[in-house]
Amino acid sequence: MTIYSQGQLSPVLIDILIVGMIFGGPSAFCVQAFFIFRLHSFSQRKPLPILCSILATIQLAFTLTIGAASSHVVEFQKWQGFIVSALIISICTDTIIAASMSYYLRGSRTGFRE
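Residues numbered from 1 in each chain as written. Predicted model: local features only at pLDDT ≥ 70, side-chain atom pairs only at ≥ 80, totals over all residues. Heavy atoms only, no water.

(A) How the structure looks around the environment of Ile96. Relative to the elements of secondary structure, Ile96 occurs in helix α3 (residues 80-107). Each C-alpha atom, one on Ile96 and one on Leu51, is 9.4 Å from the other, the two residues being 45 residues apart in sequence. In contact with Ile96, not counting residues within four places along its chain, are Leu48, Leu51, Cys52 and Leu55. (Helix = DSSP H or I, 4+ residues; strand = E, 2+ residues; numbered from the N terminus. Contact = heavy atoms within 4.5 Å.)

Here it is in structure tokens:
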């Protein structure tokens, strides 16, 4: 069994990629949703958590679309735009959440040192 031969991916590798996309999207969405909830709890403001929620939902939709469509289509080149968009949206969402959580957590320091 070869994973990559003569320019074609093996069916086993394709199945692994599809399962990874289908389960990876909802898992990332759940983690992002938890931190968006924490962000809302710390900030007590709605615009930033709403923006992050929209981005996380779009990323989930893209990932599920790619996973569902790739079970029928072996050519990943057709889905390159969706894949890149999903990755960029995920990076943006994670960066916004991390930066804003750092900002709000730093602002709520108590000054207690060990």
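(B) Representation of the side chain of Thr63. Its place among the elements puts Thr63 in helix α2 (residues 47-70). We classify Thr63 as buried; its relative accessible area is 10%. With near-sequence residues (within four places) excluded, Thr63 lies in contact with Met21, Gly25 and Ala86. (Buried < 20%, exposed > 50% of the residue type's maximum accessible area, 1.4 Å probe, protein only.)

(C) The arrangement of the packing of aromatic side chains in detail. What the rule picks out here adds up to two aromatic pairs. Seen in terms of ring centroids, Phe34 and Phe35 are 5.2 Å apart; in terms of plane orientation they differ by 75 degrees. Their pairing is edge-to-face. For Phe34, a relative accessible area of 46% corresponds to the partly exposed category. Looking at Phe35, the relative accessible area reads 38%, which means it is partly exposed. Ring centres of Tyr103 and Tyr104 lie 5.2 Å apart, and the angle between their planes is 75 degrees; this geometry places the pair in the edge-to-face category. (Phe/Tyr/Trp six-rings, centres within 6.5 Å; stacked < 30°, edge-to-face > 60°.)

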